[in-house]
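# Understanding the architecture of this molecule
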Amino acid sequence: MAPVLMLWLAACLAGTWAVDRGNFKTCDQSAFCKRQRALQPGQSPYRALLETMELTNIKLTLQLINDNNKVHLLLELYRLQGNMTRVKINELKPLKPRYEVPDVLIQEPPTEPLSLLSQDENGVVLSLGVESQRVIVSARPFRLDIMEGHQVLMSLNSRGLLAFEHLRMRKDTQADPDAEKEAQPADQAEEPAKEEEEKVEEGMWEETFKSHSDGKPNGPSSISLDFSLPGVEHVYGIPEHADALKLKTTEGGDPYRLYNLDVFQYELYNPMALYGAVPVMLAHNAQRTTGIFWLNAAETWVDISSNTAGKTVFGKMLDYVQGSNETPQTDVRWISESGIIDVFIMLGPTPRDVFSQYASLTGTQAFPPLAGLAYHQCRWNYNDQEDVQAVDAGFDQHDIPYDFIWLDIEHTDGKRYFTWDPHKFATPKDMLQSLMDKKRKMVAIVDPHIKVDSNYKIHNEIRSKGFYIKNKDSGDYEGWCWPGNAGYPDFLNPEMRAWWASMFAYDQYEGSMENLYTWNDMNEPSVFNGPEVTMHKDAMHGAWEHRDVHNLYGFYVQMATAEGLIQRSGGVERPFVLTRAFFAGSQRYGAVWTGDNAAEWDHLKISIPMCLSLGLVGISLCGADVGGFFKSPSSELLVRWYQTGAYQPFFRAHAHLDTPRREPWLFGPENTALIREVVRQRYALLPYWYQLFYHAHHTGDPVMRPLWVEYPQDAATFAMDDQFLIGRDLLVHPVTEEGARGVTAYLPGKGEVWFDVHTFQKHNGAQNLYIPVTMSSIPVFQRGGSIIPRKLRVRRSSACMEQDPYTLYVALSPQRAAEGELYIDDGHTFDFDKKKEFIHRRLSFSTNVLSSRNLAPDSQFSTQSWIERIVILGASKPSKVILKTADGQESQVEFEFDASMSVLTLRKPGMNAGADWSVVLQ
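Notes on the structure follow.

On to the sheet that holds strand 35 (residues 704-705), then. If you walk across this open sheet you meet the six strands as 35-36-37-42-39-40, and the pairing is antiparallel. Of all the strands in the sheet, the pair left with one neighbour each is strand 35 and strand 40 (762-764). Direction of pairing for strand 39 (residues 753-756) relative to strand 42 (residues 780-783): antiparallel, over a ladder of three bridges. For Asp 756, the partnering residue across the bridge sits in strand 42 and is Phe 781.

What follows is the structure, encoded as structure tokens:
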């Protein structure tokens, strides 16, 4: 390993543990961002050439011209099924093709016809066919307004910040001064000679950052477009950032940056780029939710401004009293380094409509195996097979369930992925079989940097097949990562992805078994000696520069890995793959986590908005390293983090190799008991989590969601990110303050009731509720009008609970009947989809009758699980309880009634969980 790399690693492990912001660019240090941001609003040079308009059954096309340089652009406008509009802008005749993102959309989105309503010399009006929705295309300057009735829903280029840097020849390197003119398309080259001479600014053709030089053979190619959102004060999304749920204005500071980077212990509450990038923003007010999907994989910056930013509540009240007619408005500007403008406008109108619209474009969350929703135990690194065995035994000894134990990079033979250390993990199949005997599983890391070593099969095959990314001189690109000198497979090449997938076959990945799953880390990609700890932008993926595709790299790594796990089982088993880097559409391939956090209270708090933001853009299977990756948590922080993580979708403890061991039983008996209790709460709730992920897989709805998603007209919820909903029926307000004696939870919904799931105490909605807490407290409430299934017989892993009975918790509401669902399948194969082998039932309680009805009569599946208990919250005491089964038999059910809490408990009604039945309270 090179000496400089050794020094770098030593610095990393020395405990300094803080991001060096100097390693990462600001907008002023990114030439294209600085150049674009210098443009002033209201001076757009673009106009629409209405005489070029063509309207077909699927789209409108129209040329735009930049009156400063006479370059022509081509606008394409599509009305898409599902109340969406697509806008594409490209050069009419570029010198060479510009990059358009493939593979992220699950299909070419189906269109619906546009119809022309009116046209004059100033523009055209087109019908979108939905509730008087229409698009107004204004000619001079070019502008798009999407309207519904008299209301403007969204405007494009209303501030005149459309900018499209056309590809060109570099003048100072031309042998022939007329070469550029000859290279341009004829209709552009023949424009009048009065066109402005374009000035060459620093960074257009090459730029440096620290010691790194970035040559730009295609020159400046950035794009920009502004969007105005009248009536909107709250926007969300564009993960990944360690920031609040509600996005802040960026005036006076840097824009939010989307550029996948390996950020070593990130800072909180700033717009710096992190490991993943999903260029999707949601806008919400009490009347409507809309979304913007900016389909571009290059480095992207997002500026946000608002006319209400900085106004206090008093200032807004003063505006109201004084009769100010200023409508709140948020303006958003997207800036990308290359590619084309390809934007999808999702018009809602409800939050759930936007989720569905986005899912129709990029797909839904992969349905994880049930075990993936259970508890995961990880650290960098478990030392050897004996260590794994001892940790596994420790969970049994302390009666704490877990499903997965994880191995980090040290399990390999010298950081050669797909291998095992021959001394520390000499018999991996014995280790895996031991876990399998207990119905447990393992995850091993497989990173996408490959040790350059002629004795390493993986390296030799990638090199011989020409599958490595190339540098600008056509040699294999190499950089430093954990193995030392490493090559980087070109995952944008489908042949490379297919080969990578084949490496997970049991006869290729020696020592692997069916209970071994995969973790893709460092896939931004991370290059320790590269600019901003990542790959040089002028590296080549076939014909494309890395700058064009950077944010897609991790997406493709996870795609190829997931496909490999599916293929090794002959297409039978669902994969589980965790990724650190991600893009739009990554939800189709597995889970993400929030990266290298720290054992600090603020990092615990930020895990909530970070996962909420990911859920809003389709990635539901999200979690943060429980306990914090860096540093050592106090016992109080560790317990509080377990209590929070147990109610987030992906539940994994993880720690840096330089931290003391922190298995759940190492902090004293009292803390072990607290951790045991909350892990058991997670296992009891697995039926509910699994049902929610089944829905997310079918609808795109987030599993962990902000309160405003379910209460879209309640302005008190719009900026709330210290509490959240799991589905619509569980509200969680974790304790995230050191030494807290109480928390104040907001219970939404006028007329709603909420039941404390631990005490069964009933509380009214539409109030702030102060809750005294102790170290055993985690405030969780079940919504009145809901039915939630649990399994209370918690065993050592989720698979051990497969045939165990259910307890139904029925929370009554004065407003509505109580409803819930029960979903059951085999927990790990695709048979739920391919063979329709599942149980899906509607549970409802109305007029004193609780019933179970089949929602999937065509499906075929059976279960041995039965209903062993029904707990009805907010009930009255019946005189008797009668069970009626599908075959017409009736029997009385034993019950207990707690008059002080109005809780009715039905004991051992005994019906099969997959059968029709009803329980009548008389």
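Let's shift gears to the packing of helix 10 (residues 494-502) against helix 12 (residues 553-568). Two elements in contact, helix 10 and helix 12, have axes separated by 7 Å at closest approach and are oriented at 45°. Between helix 10 and helix 12, the crossing angle belongs to the class labelled oblique. The two elements helix 10 and helix 12 cross, and the hand of that crossing is right-handed. From helix 10, Arg 497, Trp 500, Ala 501 and Ser 502 reach across to helix 12, where they touch Tyr 556, Val 557, Met 559, Ala 560, Thr 561, Glu 563, Gly 564 and Gln 567. Residues of the contact of helix 10 with helix 12, tallied by class, amount to six nonpolar, four polar and two charged.

With that out of the way, let us pick up the packing of helix 15 (residues 669-684) against helix 16 (residues 686-699). Contact geometry of helix 15 with helix 16 gives a least axis separation of 5 Å together with a crossing angle of 50°. The pairing of helix 15 with helix 16 is recorded here as oblique in orientation. Between helix 15 and helix 16, the residues in contact are Arg 682, Tyr 683 and Ala 684 and Leu 686, Pro 687 and Trp 689, respectively. By residue class, the composition of the contact of helix 15 with helix 16 is five nonpolar, no polar and one charged.

Right, let's talk about the nonpolar core for a bit. For soluble globular proteins, nonpolar side chains are generally found buried alongside one another. Phe 293, Trp 500, Tyr 642, Tyr 647 and Ile 726 are the most contacted members of the largest nonpolar core, which totals 178 residues. Those residues in contact with Trp 500, other than ones at most four positions away along the chain, are Phe 418, Val 446, Asp 447, Pro 448, Ile 450, Phe 491, Val 557, Ala 560 and Thr 561.

With 13 residues, helix 7 (residues 385-397) should cover 18 Å at 1.5 Å per step; its first-to-last C-alpha distance of 18 Å lies within 8% of that length. Where helix 7 is concerned, the buried positions are Gln 385, Asp 387, Val 388, Val 391, Asp 392, Gly 394 and Phe 395. Buried residues along helix 7 sit in contact with strand 22 (375-377), strand 23 (404-407), helix 8 (428-437) and strand 24 (441-445). The opening residue of helix 7, the one whose side-chain oxygen lies 3.2 Å from the backbone nitrogen of Glu 386, is Asp 384.

Take the sheet that holds strand 27 (residues 484-487) next. Working definition: the strands of a sheet are paired by backbone hydrogen bonds and lie parallel or antiparallel to each other. The antiparallel open sheet is built from three strands, whose spatial order is 25-27-26. Pairing within the sheet leaves two strands with one partner each, and these edge strands are strand 25 (450-451) and strand 26 (478-481). In this structure, strand 26 lies alongside strand 27, joined through four bridges in antiparallel fashion. Along strand 27, the bridge assignment pairs Gly 479 with Ala 486.

Now for the pattern of salt bridges. Pairing between side chains of opposite charge can happen when the charged atoms of each approach one another. Taken as a whole, this structure holds 61 salt bridges when the rule is applied. For the salt bridge of Arg 35 with Glu 165, the shortest nitrogen-to-oxygen distance reads 2.6 Å. Taken together, the positions of Arg 35 in helix 2 (residues 31-37) and Glu 165 in the loop between strand 11 (163-164) and helix 3 (179-183) put the pair 130 residues apart, joining distant regions of the chain. With relative accessibility at 11%, the residue Arg 35 sits in the buried group. Take Glu 165: its relative accessible area is 13%, and that puts it in the buried class. One salt bridge in this structure joins Glu 100 and Lys 88, with 3.1 Å as the shortest N-O distance. Here the residue Glu 100 occupies a position in the loop between strand 4 (84-91) and strand 5 (111-112), and Lys 88 occupies one in strand 4, the gap between them amounting to 12 residues. When its relative accessible area of 38% is taken as the criterion, Glu 100 is described as partly exposed. Shared partners join several salt bridges into a network, and the residues in it are Asp 214, Arg 257, Glu 299, Glu 337, Glu 532, Lys 537, Glu 545 and Arg 547.

Counted by the stated rule, this structure contains 47 aromatic pairs. With 4.9 Å between their ring centres and 55° between their planes, Tyr 375 and Phe 651 make a pair best called tilted. In this pair, Tyr 375 is assigned in strand 22 and Phe 651 in strand 34 (residues 651-653), connecting sequence segments 276 residues apart. Classification of Tyr 375 by relative accessible area gives buried; the value is 0%. Directly above the ring of Tyr 78 sits Arg 86, whose terminal nitrogen or CZ lies 5.9 Å from the centroid. Sitting above the plane of the Trp 406 ring, Arg 652 keeps its charged end 4.7 Å from the centroid.

Turning to the state of the cysteines, a few remarks are in order. For the coordinates displayed, the defined rule picks out two disulfides. Between the sulfur of Cys 27 and that of Cys 33 lies a disulfide, 2.0 Å long from S to S. Judged by the torsion about the S-S bond (-100°), the Cys 27/Cys 33 disulfide is left-handed. Each of the two residues, Cys 27 as well as Cys 33, counts as buried.

Moving on to the pairing of strand 19 (residues 300-306). Burial of strand 19 is extensive: seven of the seven residues sit out of reach of the surface. Burial along strand 19 is two-sided: the face carrying Thr 300, Val 302, Ile 304 and Ser 306 and the face carrying Trp 301, Asp 303 and Ser 305 are both buried. The pairing of strand 16 (residues 256-258) with strand 19 spans three bridges and is classified as antiparallel. Across the sheet, Leu 258 pairs through a bridge with Thr 300, a residue of strand 19. Relative to strand 20 (residues 329-336), strand 19 runs antiparallel, the two being bridged by seven bridges.

This part covers unusual backbone geometry. In terms of backbone geometry, most residues other than glycine have negative phi values and most peptide bonds are trans. Omega for the peptide link from Arg 140 to Pro 141 comes to -10°, which places this bond in the cis form. Its place among the elements puts Pro 141 in the loop between strand 8 (133-138) and strand 9 (143-148). Following Trp 380, the chain continues to Asn 381 via a peptide bond in cis, the omega torsion being 5°. Here Asn 381 is to be found in the loop between strand 22 and helix 7. With a phi close to 60°, Ala 766 is a non-glycine residue in the positive phi region. Within the secondary structure, Ala 766 sits in the loop between strand 40 and strand 41 (767-772). Its identity is not glycine, yet Lys 836 carries a phi of approximately 55°, on the positive side. Locating Lys 836 in the fold gives a position in the loop between helix 18 (831-834) and strand 46 (839-846). Lys 836 gets classed as partly exposed once you look at its relative accessible area, which sits at 42%.

Turning to the pairing of strand 14 (residues 223-230), a few remarks are in order. With seven of eight residues buried, strand 14 is to be regarded as a mostly interior element. Where strand 10 (residues 151-156) lies against strand 14, two bridges are found, and the strand directions are antiparallel. The partner of Leu 156 across the bridge, within strand 14, is Phe 227. Bridging between strand 14 and strand 20 involves eight bridges; their strand directions are antiparallel. The residue bridging Leu 225 from the neighbouring strand is Trp 334, located in strand 20.

Analysis parameters
- Residues numbered from 1 in each chain as written.
- Predicted model: local features only at pLDDT ≥ 70, side-chain atom pairs only at ≥ 80, totals over all residues.
- Heavy atoms only, no water.
- Pairing = 2+ DSSP bridges.
- Helix = DSSP H or I, 4+ residues; strand = E, 2+ residues; numbered from the N terminus.
- Axes fitted to C-alpha atoms, helices over the stretch in contact; angles between N-to-C directions.
- Parallel < 35°, antiparallel > 145°, perpendicular 65-115°, else oblique.
- Left-handed = near helix turned anticlockwise from the far one by under 90°.
- Contact = heavy atoms within 4.5 Å.
- Nonpolar A, V, L, I, M, F, W, Y, C, P; charged D, E, K, R; others polar.
- Core = buried A, V, L, I, M, F, W, Y, C linked by side-chain atoms within 4.5 Å.
- Buried < 20%, exposed > 50% of the residue type's maximum accessible area, 1.4 Å probe, protein only.
- Expected span 1.5 Å × (residues − 1).
- Polar contact = N/O pair within 3.5 Å; in protein donor to acceptor, adjacent residues only side chain to side chain.
- Salt bridge = Lys/Arg side-chain N within 4 Å of Asp/Glu carboxyl O.
- Phe/Tyr/Trp six-rings, centres within 6.5 Å; stacked < 30°, edge-to-face > 60°.
- Lys NZ or Arg CZ within 6 Å of the ring centre and 35° of its normal.
- Disulfide = S-S within 2.5 Å.

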